[in-house]
Amino acid sequence: MKHVDLHKNIGLLLCYLFLIGFVIYTLTPVIWLGSLSIKPISEFFQTSKSFIPLNPTLEHYYNLFFKSDFLRWMLNSLIVAGGSAALTIVVASMAGYAFAFYKFRGKETLFMIALSSVMVPAYVLIIPWFLMFRTLGLINTYLALILPWGASMFSLFFMRVYIRSSVHPEILEAARVDGASERSVFFRIVMPIIVPGIATLAIVVFTMAFNDYFWPMIAMRSPDMYTLPVGMAQWPISAGGGSMGPTGAAAIRWGLAVTGPLVSIIPMLILFILFRDKFTKGLTLGAPKG
Amino acid sequence: MPKNETKNLLFFLLPYLILFLLLFAFALSYSLILSFTNMSPGRPLEFTGATNYARLFGDPLVWNGFKVVSTVLFIQVPIMTGLALILAILLSSPLIRGKTIFRTIFIIPVMTSLVAATLMWYPMFGENYGVINLVLTGIGLPGFKWLLDPTLALVSIFTVITWRWTGYNMIMFLAGLQAIPRELYDAAALDAGRLQTVRHITLPLLKPIIIFSVVFSIIGSLQLFAEPYVLTGQGTSAGFATYTVAIRLYNIGFIQGQFGYASAIGWFMALVAVCGTFFFLKRLGFFARGE
C-alpha cells in the first residue's frame, strides 16, 4: 500500500510540475513585456538586467497614448469589430431562421456549398475583394472590413442549428393562427428566444474581427485607417532587430512595441471578464460535441 | 406554412444571400478566372492559359513556402496538440487543485491577436536583451541569434504559435471531456489504472474533437502569415527559413501587383488544403465509418 501511495504522489507531483512549467511559458512574455514597458530605453540594453525596473517610467505609455496613432487604431478596431458583429448577427439570424424553418428548392445544396466554403483559404478571396472594393471606391473604409463578415458561413451554420434547437415550431404556428405577420413572428417571438445565441455569435465575430490581420492590412492603405494589428505590425520592422541601444525615433518605436501589445488586449480582457462563459463557449463554436 | 411564402423567404434570406453571392461565390469565380490571366496593373489583360500554374511549379520560393509550412504541420502541430491534450486531461482530473486559475492563465494567449502575440515574443528572442539569452548566459551557456539562424528562427516561430494556440485547443478538448459521462470513468477506475483509462476511454471518445482540431491546424499552418512576417522581418531574417506560401502570395500579389499569378498561388493553396484534409481524414478511416 505504502508503495502505491508513493507512486501516486510522484505522479501527482509530475502533473503539477507540468502545469507550472506551462504557466511559466505562458506568463513569461507577458511579465517581461510589462517590465520592459516601465523601463527607460537605456535599461533595455544594460548588461545587468533585472525583471524589476531600476528607474520605472511611464514615458512609453505617454508616447503610446499621446505621440502615436495607437488610440486612433484602437478606435478603428473597435468600430470595425462592432460593425462586423452587428452586421453578422442581423444577417445570420435572419438567414438562419429561413434555413431552419422554411422549405425551398435547393436549400440543402445551398447550405452544403456555404459549409464547404470553410475549407477555402481567405487568400483566394482577398485578391478579388481588393479589386472589387477598389472598383466600388471602398478601399480604406470601414465597410471594406465589415461587409465580408456578413457572408461568413460559420455564422449561418451556428444560427441555423441554434434556432432549430431553441425555437419550437408550435409557438410560431400559434402566433400565425393569431394573425401575426411573418416579420413580427421573427422579431417579436424568435428574436427574444435566441438572444443568448446571438450574444455568443456577437462575441465570436467581435473577437475575430478585432484580431484580424491579413485583409485589414491590404484594405487599409493610410495610417489613420489602420486597425491595431496592422499598425502595430509596423513597429518591429521600423525599429529593426538591432542589438545596440537605439536612439531618437527608433527608441520611441521600441517603447511603443513593448507597451502597445499589452494595451491592445484590454478590450478582449474586458469582454472575457464580462462574458466569461460565452467567450469560452464561443471558442468551441463549430467543434463536434463529445 | 406561412402565407406569401416567397416574399417572406426573400426578406429573410436576401441580405445574407447577396453578400454570400458577391463576396464568396462571385469572388471565388473571379479569382479562378484571374488565375488564368496575366493581370497586373499597366499591362493589357490577356488569357494566358495555364502559364501561371506552370510558373508556380517552377517557383523555388513557392516550394520553399510549402517546405516551411510542412515543418510546422509535422513538428509543431503534433507537439501543440499533445500539450493541449495533456493539459485538458490534467485540468479535468479530480486530483488536481486550482483548475480555475490554471485554466484562466492558459486562456490569456487566446485573447491576443496574432500580431500582438508575436510582438509579445519579440523581446524574448533578442540577442542581447532577450529573456531566453539572459537565462542561457546566466547558467553559463552561449546566447543564440534566435531570429537570424534558419533552424532557430523556425523554433522561434513554433514557440509563438504554440503559445498562441495551445490554450485554444485545450478549451476545445476540455469541452469534449466534459461531455464524457462520469459513470464511464468511475466504472473504468475500478479495474483499470489511470493511464489505461485515458488510453481506452478518454482518447477514443475525444477522437472527433481531436480530428476537428487537427484539421483546423492543417488549414491554419498552410495559411501561416502574421507570425513569420512580423517576427522574422517579413520571413527573410534567416534566409528563407520562415518564408511561407502566404508571404510569397502577398509579395507577388500586393507588392509586385501580379494579381493573376497570385490568384494561381491562392488556388493551389486551396487545393492543397482540401486534398490534405481529405487525405488525413481518409487515413483515419473517417469516411469508411460513415461519420
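Conventions adopted
Note that residues are indexed from 1 along each chain, following the sequence as it is written. Just so you know, chain letters begin at A and ligand numbers begin at 1, following the order they were written in. Local features in a predicted model are, by the rule used here, given only for residues with pLDDT of at least 70; side-chain atom pairs are given and counted only at 80 or more, and totals for whole chains, interfaces and linings are based on all residues. The side-chain quantities take in all heavy atoms of the structure and omit both hydrogens and water. Under the scheme used here, helices are H or I runs from DSSP no shorter than 4 residues and strands are E runs no shorter than 2 residues, and both carry numbers assigned from the N terminus. C-alpha atoms define the radius of gyration, and 2.2 Å times the number of residues to the power 0.38 defines the globule rule. Relative accessible area decides the class of each residue, using a 1.4 Å probe on protein chains only: under 20% of the type maximum gives buried, over 50% gives exposed, and in between gives partly exposed. Residues are treated as being in contact if the distance between any of their heavy atoms lies within 4.5 Å. To be clear on the numbers: accessible area is Shrake-Rupley with a 1.4 Å probe, and residue cover counts the displayed protein chains and nothing else. In this charge count, Lys and Arg are treated as positive and Asp and Glu as negative; neither His nor the chain ends contribute. Here the site of a charge means atom NZ of a Lys, CZ of an Arg, CG of an Asp or CD of a Glu. Two aromatic rings from Phe, Tyr or Trp, using only the six-membered ring of Trp, form a pair when their centres are within 6.5 Å; if the ring planes differ by under 30 degrees the pair is stacked, by over 60 it is edge-to-face, and anything between is tilted. To sit over a ring, a charge needs its Lys NZ or Arg CZ within 6 Å of the ring centre and within 35 degrees of the ring normal. Between the N-to-C directions of two axes lies an angle of 0 to 180 degrees, each axis being a line fitted to C-alpha atoms and, for a helix, fitted only over the stretch in contact. A crossing counts as left-handed when the near helix is turned anticlockwise from the far one by less than a right angle, and as right-handed when that turn is clockwise. Any residue outside Ala, Val, Leu, Ile, Met, Phe, Trp, Tyr, Cys, Pro, Asp, Glu, Lys and Arg is labelled polar, Gly included; the first ten of those are nonpolar and the last four are charged. Working definition: roughly parallel below 35 degrees, roughly antiparallel above 145 degrees, roughly perpendicular at 65 to 115 degrees, and oblique for all remaining angles. On a scale of 0 to 100, pLDDT captures the predictor's confidence in every residue. The term buried area denotes the loss of accessible surface (1.4 Å probe radius) that occurs when two parts are joined, taken as the sum for both partners. Whenever a carboxyl oxygen of Asp or Glu lies within 4 Å of a side-chain nitrogen of Lys or Arg, that contact is scored as a salt bridge. Contacts described as polar in this section are N or O atom pairs within 3.5 Å, which, within protein, must combine one atom able to donate a hydrogen with one able to accept it, while residues neighboring in sequence count only if both atoms come from side chains. Residue count minus one, scaled by 1.5 Å, sets the expected span of a helix.

Visitor: Would you mind going over the overall build of chain A with me for this structure?
Guide: Looking only at helices and strands, chain A features 17 helices and 0 strands. Here the C-alpha atoms of chain A give a radius of gyration of 25 Å, more than 25% beyond the 19 Å that 2.2 N^0.38 yields for 290 residues. C-alpha atoms of chain A, sized along the principal axes, occupy 80 × 75 × 35 Å. Counting the 290 residues in chain A, one finds 51% classified as buried. In chain A, of all internal contacts separated by at least 6 residues, the share reaching a separation of at least 24 is 73%. Entry remark: accessible area of chain A is about 13200 Å², with carbon and sulfur atoms responsible for 70%. Where the 21 positive side-chain charges of chain A centre and where its 12 negative ones centre are 4 Å apart.

Visitor: Looking at this structure, I do not really get the overall build of chain B. What am I missing?
Guide: Secondary structure summary: chain B contains 12 helices and 0 strands in total. Scanning chain B from its N terminus toward the C terminus, one meets helices and strands in the order α-α-α-α-α-α-α-α-α-α-α-α. Residue burial in chain B is summarised as follows: out of 291 residues, 54% are buried. Of the accessible surface of chain B, which amounts to about 13000 Å², a share of 69% is contributed by carbon and sulfur atoms. In chain B, 18 positive and 10 negative side-chain charges are present, and the distance between their average locations comes to 2 Å.

Visitor: In this structure, what is going on with the packing of aromatic side chains? I would like to understand it.
Guide: Aromatic rings in a pair are described by how distant their centres are and how their planes are angled relative to each other. Taken as a whole, this structure holds 53 aromatic pairs over all chains when the rule is applied. Relative to Trp-215 of chain A, the ring of Phe-133 of chain A has its centre 5.8 Å away and its plane inclined at 40 degrees; by these criteria the two rings are tilted. Here Phe-133 of chain A, found in helix 6 (residues 122-135), pairs with Trp-215 of chain A, found in helix 12 (residues 214-219); they are 82 residues apart in sequence, far enough to count as distant. Ring geometry for Phe-187 of chain A versus Phe-11 of chain B: centroids 6.5 Å apart, planes at 75 degrees, classification edge-to-face. You can see Phe-187 of chain A sitting in helix 10 (residues 182-193) and its partner Phe-11 of chain B sitting in helix 1 (residues 5-34), one on each of two chains. Grouping aromatic residues by their ring pairs yields a cluster made of Phe-22 and Tyr-25 of chain A together with Phe-102, Phe-106, Trp-121, Phe-125, Phe-144, Trp-146 and Trp-163 of chain B. The lysine or arginine in question, Arg-183 of chain A, covers the ring of Phe-11 of chain B, its NZ or CZ lying 3.9 Å from the ring centre. Over the face of the ring belonging to Trp-165 of chain B we find Arg-164 of chain B, whose NZ or CZ atom lies 4.5 Å from the ring centre.

Visitor: I'm lost on the environment of Ile-89 of chain A in this one. Help?
Guide: By the secondary structure assignment, Ile-89 of chain A is in helix 4 (residues 70-101). Between the C-alpha atoms of Ile-89 of chain A and Gly-150 of chain A, which are 61 residues apart in sequence, the distance is 8.3 Å.

Visitor: Explain unusual backbone geometry here, please?
Guide: In terms of backbone geometry, most residues other than glycine have negative phi values and most peptide bonds are trans. Not every positive phi belongs to a glycine, and Asn-140 of chain A is a case in point at roughly 70 degrees. Residue Asn-140 of chain A is classed as partly exposed on the basis of its relative accessible area, which comes to 22%. Residues other than glycine seldom take positive phi values, yet Gln-234 of chain B does so here, at roughly 60 degrees. For Gln-234 of chain B, a relative accessible area of 31% puts it in the partly exposed group.

Visitor: Is there a simple way to think about the packing of helix 7 (residues 150-178) of chain B against helix 9 (residues 194-222) of chain B in this case?
Guide: For any two helices packed against each other, the geometry comes down to the angle between their axes and how far apart the axes lie. Residue and element names in this part refer to chain B. At their nearest, the axes of helix 7 and helix 9 sit 10 Å apart, and the two run at 145 degrees to each other. Where helix 7 crosses over helix 9, the two elements pack in a sense that is right-handed. Here helix 7 contributes Trp-165, Tyr-168, Asn-169, Met-172, Phe-173, Gly-176 and Leu-177 to the contact with helix 9, which in turn contributes Thr-202, Leu-206, Ile-209, Ile-210, Phe-212, Ser-213 and Phe-216. In terms of residue class, the contact of helix 7 with helix 9 is built from 10 nonpolar, 4 polar and no charged.

Visitor: What should I look at first to understand the packing of helix 11 (residues 195-211) of chain A against helix 17 (residues 276-283) of chain A in this one?
Guide: All names here are of chain A. Contact geometry for helix 11 and helix 17: axes closest at 9 Å, N-to-C directions at 70 degrees. Regarding the angle of helix 11 to helix 17, the classification is roughly perpendicular. Along its contact with helix 11, which presents Pro-196, Ala-199, Thr-200, Ile-203, Val-204 and Thr-207, the element helix 17 presents Lys-278, Phe-279 and Gly-282.

Visitor: Can you help me understand the confidence of the model for chain B in this one?
Guide: When pLDDT drops low, the exact placement of atoms in the prediction is not to be read closely. Looking at chain B as a whole, its pLDDT mean stands at 88, while 95% of the residues score no less than 70. Quick note on the complex model: pTM equals 0.90, ipTM equals 0.89.

Visitor: Mind showing me how you'd approach the interface of chain A and chain B here?
Guide: Where interface size is quoted, it is often the accessible area lost as the parts come together. Counting residues at the interface gives 94 residues for chain A and 92 residues for chain B. With both chains or domains summed, chain A and chain B bury close to 8800 Å², and 82% of this area falls on carbon and sulfur atoms. Inspection of the region where chain A meets chain B yields 0 salt bridges. The interface formed by chain A and chain B contains 12 residue pairs in polar contact (both at pLDDT 80 or more). Of the residues forming the side of chain A that touches chain B, the biggest block, 17 residues, is contributed by helix 1 (residues 2-37) of chain A. Looking at the side of chain A that touches chain B residue by residue, the classes come out as 72 nonpolar, 15 polar and 7 charged.

Visitor: Where do I start with helix 8 (residues 153-166) of chain A in this structure?
Guide: Along an α-helix, residues three or four apart share an orientation, since each turn contains 3.6 residues. The end-to-end C-alpha distance of helix 8 of chain A, which contains 14 residues, comes to 20 Å, matching closely the 20 Å that a straight helix rising 1.5 Å per residue would cover. For helix 8 of chain A, the full list of buried residues reads Met-153, Ser-155, Leu-156, Phe-158, Met-159, Arg-160 and Ile-163 of chain A.

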